[in-house]
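Structural description and commentary
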Amino acid sequence: MHKNLKQVGQMIFGRGAFSQLDAILADNRQGTAPMVFLVDHAFQARPEFVARIPVRGRDRIIFVDTSNEPKTGDVDSLRDRIRAELGKVSGLVGVGGGSTMDLAKAVALMLTNPGSSQDYQGWDLVQVPGVFKAGVPTLSGTGAEVSRTAVLIGPTKKLGLNSDYTPFDQVLLDPDLIAGAPERQRFFTGMDCYIHNVESLQGRAMNSFARAHAEKSLDLCREVFLLRDHWDGESDEKLMMASWMGGMSIAYSQVGAAHALSYGLGYVLGTHHGEGNAIAMTVLEEFYPEGVRDFRRMVEKAGVEIPQGVAAGLPPQKLDKMVEVSLGMAPLWHNVLGDDWKRVMTPARVRALYERM
Ligand code: NAD
Ligand code: ZN
């Protein structure tokens, strides 16, 4: 069976495009029902940016704390708060990195679907479309702006709300918005994109559609993280397109070993997604020899320290949980190793990989 891919409704790209957000939202307003802007808390300290958010009538800006990656409980309480304070809304606009993109997607869905967001962690469990949702990324790499999932940490698992209702109705890509991101964060989020491409290109789920996107995205990552000598508007544009195309690639293929291991780190230690992937990459040369070689060069060029010894001294139950979460990512390991993956990737082998990190 071939996948019938649901994509983002509309997309606008270009430096300065943020100034067109007001006009775009005007077309999507329902009477006087307000728009809700979920804005990453980093922008609380940037009043000049906040002043550019096109707030009209009863619209509301809610700053979201992304110190930790989003949880199902965060989504449910935001949904309850919006319902209680604003009633019917015209839509949600997420302004921030991958965490804010996922929060916006999930809250928009939970405003129309009954129950808790944890009930929808999985594949195609969402039953009805959410309210209008728009994504405005301020960090590039995750591909969350283009994907059909909203990754959430729930009480028992870290898993996305994967469905045809999840992609944004509208995405606004303005490379100027990623210019102010801290260097270290930009690196880790950018590495997420680089790793998406390495994993998808080496994976068994590869096909011409995914390859076309991954190869171009990989070239852009190399230009940005290996060949560039300083950040400028052009590298911001390239990174933003790399993220989009990397996201398109995995939407039609699959990620692999670094993500499978990163999910274990994220669940047990709270390690952030991009950083966890980077930590995992340091022990994956046998799976991705070329990818890891270039990754090490990128790390060196950026002058970023990858945390080491993260699993050292962990109580055995925690390490076991990490192994369990990682091995639970069956489609990812299948993508790396094929049908025989369970025989090859035993719990002992996963544990040994964690112990080397
Ligand atoms: P993030 O959204 O978690 O943000 C990281 C930090 O950067 C935060 O402290 C935030 O305040 C700050 N920040 C964001 N934009 C900034 C800016 N312009 N200037 C200054 N600070 C800024 O980081 P991320 O790496 O973009 O996203 C990671 C999240 O994305 C994880 O929760 C992960 O699970 C999710 N993810 C989702 C998908 C998907 O397809 N839905 C794919 C990969 C990852
Ligand atoms: Zn990723």
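Quick look at the structure, then. Note that the coordinates shown come from a computational prediction; the quantities given were computed from them, not determined experimentally.

The rules we used
- Residues numbered from 1 in each chain as written.
- Chains lettered and ligands numbered in written order.
- Predicted model: local features only at pLDDT ≥ 70, side-chain atom pairs only at ≥ 80, totals over all residues.
- Heavy atoms only, no water.
- Helix = DSSP H or I, 4+ residues; strand = E, 2+ residues; numbered from the N terminus.
- Rg over C-alpha atoms; globule rule 2.2 N^0.38 Å.
- Buried < 20%, exposed > 50% of the residue type's maximum accessible area, 1.4 Å probe, protein only.
- Contact = heavy atoms within 4.5 Å.
- Areas by Shrake-Rupley, 256 points an atom, 1.4 Å probe, with all protein chains shown as cover.
- Lys, Arg positive; Asp, Glu negative; His and termini not counted.
- Charge placed at Lys NZ, Arg CZ, Asp CG, Glu CD.
- Salt bridge = Lys/Arg side-chain N within 4 Å of Asp/Glu carboxyl O.
- Near = heavy atom within 4 Å.
- Polar contact = N/O pair within 3.5 Å; in protein donor to acceptor, adjacent residues only side chain to side chain.
- Nonpolar A, V, L, I, M, F, W, Y, C, P; charged D, E, K, R; others polar.
- Donors = N, O, S within 2.8 Å, 3.2 Å for Na, K, Ca; no water.
- Core = buried A, V, L, I, M, F, W, Y, C linked by side-chain atoms within 4.5 Å.
- Disulfide = S-S within 2.5 Å.
- 1 Å grid on protein atoms, 1.4 Å probe; cavity = no way out; pocket = protein on both sides within 12 Å on 5 of 7 lines; lining within 4 Å.
- Points joined across faces, edges and corners; volume = space filled by probe spheres on them.

Our next topic: the overall build of the protein chain. Along the backbone of the protein chain there are 14 helices and nine strands. Whereas a compact globule of 357 residues would reach a radius of gyration of roughly 21 Å, the protein chain reaches 20 Å, a difference of no more than 12%. When the backbone C-alpha atoms are referred to their principal axes, the protein chain occupies close to 60 × 45 × 45 Å. In the protein chain, buried positions account for 57% of the 357 residues. Restricting to contacts in the protein chain with at least 6 residues of sequence separation, those with at least 24 account for 77%. Working note: accessible area of the protein chain is about 14,900 Å², and carbon and sulfur atoms make up 50% of it. Of note, the protein chain has its 38 positive side-chain charges centred 3 Å away from the centre of its 42 negative side-chain charges.

The next subject is the pattern of salt bridges. For the coordinates displayed, the defined rule picks out 24 salt bridges. In this structure, R29 and D59 form a salt bridge, with 2.7 Å as the shortest nitrogen-oxygen distance. Taken together, the positions of R29 in the loop between α1 (21-26) and β2 (35-40) and D59 in the loop between α2 (47-50) and β3 (60-64) put the pair 30 residues apart, joining distant regions of the chain. Under the relative-accessibility criterion, D59 is labelled buried at 9%.

Here the focus is the site of ligand 1. Taken together, 28 residues form the shell around ligand 1, and within it D40, G98, S99, S147 and T189 come nearest. At a separation of 2.6 Å, an oxygen atom of ligand 1 approaches a polar side-chain atom of S99. If ligand 1 stood free it would expose 860 Å²; the protein chains cover 91% of that surface. Mapped onto the shell around ligand 1, the elements with two or more residues apiece are α4 (98-110) and α5 (183-202). Looking at the shell around ligand 1 residue by residue, the class counts come to nine nonpolar, 13 polar and six charged.

This part takes up the coordination of the zinc ion (ligand 2). At 2.1 to 2.2 Å from the zinc ion (ligand 2) lie its protein donor atoms, namely D192 (OD), H196 (NE2), H259 (NE2) and H273 (NE2). In primary sequence terms, the donor set of the zinc ion (ligand 2) follows D-x3-H-x62-H-x13-H. In this pair, D192 is assigned in helix α5 and H259 in helix α8 (residues 257-269), connecting sequence segments 67 residues apart.

On to the nonpolar core, then. Counting 95 residues, the largest nonpolar core has L38, Y194, L284, W333 and Y354 as its most contacted members. In contact with Y354, not counting residues within four places along its chain, are A260, L261, G264, L265, A311, L319, M322, V323 and S326. Counting 20 residues, the second largest nonpolar core, distinct from the first, contains F37, F43, V50 and L172.

Overall, the coordinates contain zero disulfides when judged by the stated rule. In this structure C221 is not part of a disulfide, and its nearest cysteine sulfur, from C193, lies 3.7 Å away. Given a relative accessible area of 1%, C221 falls into the buried group.

Let us now look at empty space enclosed by the protein. Summed over all chains, the structure comprises one cavity of 30 Å³ or more. A volume near 40 Å³ is recorded for the largest cavity. As for the largest cavity, its lining consists of L5, K6, Q7, V146, S147, R148, P167, M248 and A251. Here the lining of the largest cavity is composed, by residue class, of five nonpolar, two polar and two charged.

Positioned with a positive phi, D124 is a non-glycine residue whose angle comes to about 55 degrees. With respect to the element layout, D124 can be found in the loop between β5 (122-123) and β6 (132-137). Among the residues examined, D124 registers a relative accessible area of 46% and is labelled partly exposed.

Remember, this is a structural readout, not a statement about activity or role.
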